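# Inside the fold
Residues per chain are reported as follows:
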Protein chains: 2
Amino acid sequence: MTDLRSALATKGPIDLSTIGSDSTPQFEGGKKDAQRLLPQIGRQLMDLQELLFANGRSGTTDRKVLMLLQGMDTSGKGGTLRHVAGLVDPQGVLITAFKAPTEEERQKDFLWRIEKEVPPPGMIGVFDRSHYEDVLIGRVRELASAEEIERRYDAINDFEKRFVDGGGVLLKCFLHISPEDQKERLTERLDDPTKYWKYNPGDLDERELWGPYQQAYEIVLERCSTDHAPWHLVPAGRKWYRNWAIATMLGETLADLDLQWPPPDFDVEAQKRRLATM
Amino acid sequence: MTDLRSALATKGPIDLSTIGSDSTPQFEGGKKDAQRLLPQIGRQLMDLQELLFANGRSGTTDRKVLMLLQGMDTSGKGGTLRHVAGLVDPQGVLITAFKAPTEEERQKDFLWRIEKEVPPPGMIGVFDRSHYEDVLIGRVRELASAEEIERRYDAINDFEKRFVDGGGVLLKCFLHISPEDQKERLTERLDDPTKYWKYNPGDLDERELWGPYQQAYEIVLERCSTDHAPWHLVPAGRKWYRNWAIATMLGETLADLDLQWPPPDFDVEAQKRRLATM
């Protein structure tokens, strides 16, 4: 079986309207199977993450992982944080949710606030939205000039290249849903008083621009799915598949680092002797 | 059954040498029972935390929780983060590990770096070590004058009172182990190459000062276990009891907030009508 990351990686032009949101690439089985598997994957993730964390603490690695989540409203970024990022030791995870930029942030280059949140060695960073917003809502809502938007694609690729050259690994996940999926999920939020807090009337204004947003995503997937930082298209119509797929790809990413336990930087036998007398 | 927080709260003078680290107050059963219960408690914590988080997002509460972990080396602060903080949605938890203060931090009041990490409304903050280090290692190693150390107890009580008056709740946990527990755990770290990274030769220098440290903790427990922010003594010789007890107390703390789901700040029926046409 191919690595799931390879199976979901996008390359070249893409037409999102032709891709089903309810497919389950490389997964044999249904919802119950996926839910049963998740805790097992969680234990593997815990172990692999501890190895990364240990090396970070010991100063024996420059490796770090940045998982980046993008997708339309209700595509499940929050659910992924809860069910996938929640599988690993919270000490080793840094989650950043990027909201609309502040006045200060708008006065700087769009990557300024991003660079500040890049994870240090040994850590897993998770971005809930990211610098891609600046070529998504930025493009659709014309928040910057056409030239500036154009400039950003290369700036993003350069920034990500620098991160990778410095020992980073990017896991970029686009959570793909259909307009019908979104309608169903927004309806759920409006039907359930325990979900009102997740609903924002502005979501419908964005929904009206579904076509332009899909087009903006297609441009991102074409121009910013690079060899050093490919995009992965995760069908997210089925939440259980989305969780399984992202947890699996995170495990593949961590395993690929191929780290060893850091050697002691002290004399083990001498320490044992001293401890024995105490 | 009494609330576990009341059962473990300390009040007045205390002699730590008379308190067993392997007792399991209010727990009926053994290791397997506790490990079986933990995921159930986790689900309750998830639900209660979501309620707090939802209110934070909606701006309908000033409530926030700060869980504070203190204890000798190997008492299990890291394990608690992994197994208890790891039970809830990582989006709603802010973990801060306080190391030796930096040069900049040493030039400010000892509470300066602490205030910066206090959780905002809707969030659970977790402190791995805290301002108490400034009257623990600070006292034992004479890192400040006797007058300054003396001043700090009241300053801490005032600071915590302000936090509580502003809608905060403190859950202060002292993880109590015996010198034998520590010897066993340090030995495990020296016997297992996958644990070398957790070992620091300086740990034995601290171990030599076991008595003075216990005395410094006794002063903390006597002077800073207040009505608004009591200390809880958690016997931590058995890791499974420690995890169960802290998860249980966190659940009690969250349940006590008695929050309701935030009301909609939009016209639900109007939104449904608009969505139906899209």
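As the structure is a prediction and not an experimental result, all values here were calculated from the model.

Residue and element names in this part refer to chain B. Counting buried residues along strand 1 (residues 64-71), 8 of its 8 residues qualify, which places the element largely inside the surrounding structure. The alternating pattern of strand 1 places Lys64, Leu66, Leu68 and Gln70 on one face and Val65, Met67, Leu69 and Gly71 on the opposite face, and all of these are buried. Relative to strand 4 (residues 168-176), strand 1 is paired through 8 bridges, and the arrangement is parallel. Residue pairing in the sheet places Leu68 in a bridge with Lys172 of strand 4.

Turning our eyes to something else, we now look at the relation of the copies chain A and chain B. Once chain A is rotated about the relating axis by 180° and shifted along it by 0.0 Å, it coincides with chain B to within an RMSD of 0.0 Å. Taken together, the turn and the small shift mark the pair as related by a two-fold rotation axis. Same-surface contact between copies: 100% of interface residues of chain A are shared with the interface of chain B.

This part takes up the sheet that holds strand 5 (residues 231-235) of chain A. All names here are of chain A. The 5 strands are arranged 2-3-1-4-5 in an open sheet whose pairing can be described as parallel. Looking at the sheet topology across the chains shown, the edges are occupied by strand 2 (93-97) and strand 5. The mean inter-strand angle of the sheet, taken between neighbouring strand axes irrespective of direction, is 20°. In this sheet, strand 3 (residues 124-128) lies alongside strand 1 (residues 64-71) in parallel orientation, the contact comprising 5 bridges.

Here the distance between the centres and the angle between the planes together describe a pair of aromatic rings. Residues and elements named next belong to chain A. Counted under the stated rule, the structure contains 18 aromatic pairs over all chains. With a centroid separation of 4.8 Å and an interplanar angle of 70°, the aromatic rings of Tyr132 and Trp231 are classed as edge-to-face. Of this pair, Tyr132 sits in the loop between strand 3 and helix 6 (137-140) while Trp231 sits in strand 5, placing them 99 residues apart in sequence. You'll find Tyr132 and Trp231 in the same group, each marked buried.

Whether parallel or antiparallel, the strands of a sheet pair through hydrogen bonds between backbone atoms. All names here are of chain B. Strand order in the open sheet formed by 5 strands is 2-3-1-4-5, with parallel pairing between adjacent strands. The open sheet is flanked by strand 2 (93-97) and strand 5 (231-235), the only strands paired with a single partner. Neighbouring strand axes in the sheet, compared pairwise and without regard to direction, differ in orientation by 20° on average. Examined bridge by bridge, strand 2 and strand 3 (residues 124-128) share 5 bridges and lie parallel to one another. Directly across from Thr96, in strand 3, lies its bridge partner Phe127. Each of strand 1 and strand 4 is contacted by helix 7 (residues 146-165), which is oriented at about 135° to strand 4, the strand it contacts most.

Quick notes on the rules
Along each chain, residues carry numbers from 1 onward, in the same order as the chain's sequence is written. For naming, the first written chain is A and the first written ligand is 1, with later ones following in the order written. Given that this is a predicted model, residues contribute local features only at a pLDDT of at least 70 and side-chain atom pairs are listed and counted only at 80 or more, while totals for whole chains, interfaces and linings are drawn from all residues. Here the side-chain values reflect all heavy atoms present in the structure, with hydrogen atoms and water set aside. Burial status follows relative accessibility: with a 1.4 Å probe on protein chains alone, a residue under 20% of its type maximum counts as buried, one over 50% as exposed, and anything between as partly exposed. Strands here are runs of E lasting at least two residues and helices are runs of H or I lasting at least four, both read from the DSSP assignment and numbered beginning at the N terminus. Here the rule is simple: two strands pair whenever DSSP picks up at least two bridges between them. Only residues with pLDDT of at least 70 in both copies contribute their C-alpha atoms to the least-squares superposition of the copies. Only heavy atoms matter for contacts: two residues are in contact if any of them lie within 4.5 Å across the pair. In this analysis, axes come from line fits to C-alpha atoms, helices being fitted only over the stretch in contact, and the angle between any two N-to-C directions falls in the range 0 to 180 degrees. Only Phe, Tyr and Trp rings take part, Trp by its six-membered ring, and two of them pair if their centres are within 6.5 Å. Stacked means planes under 30 degrees apart, edge-to-face means over 60, and tilted covers everything else.

Taken by themselves, the reported measurements are silent on function.
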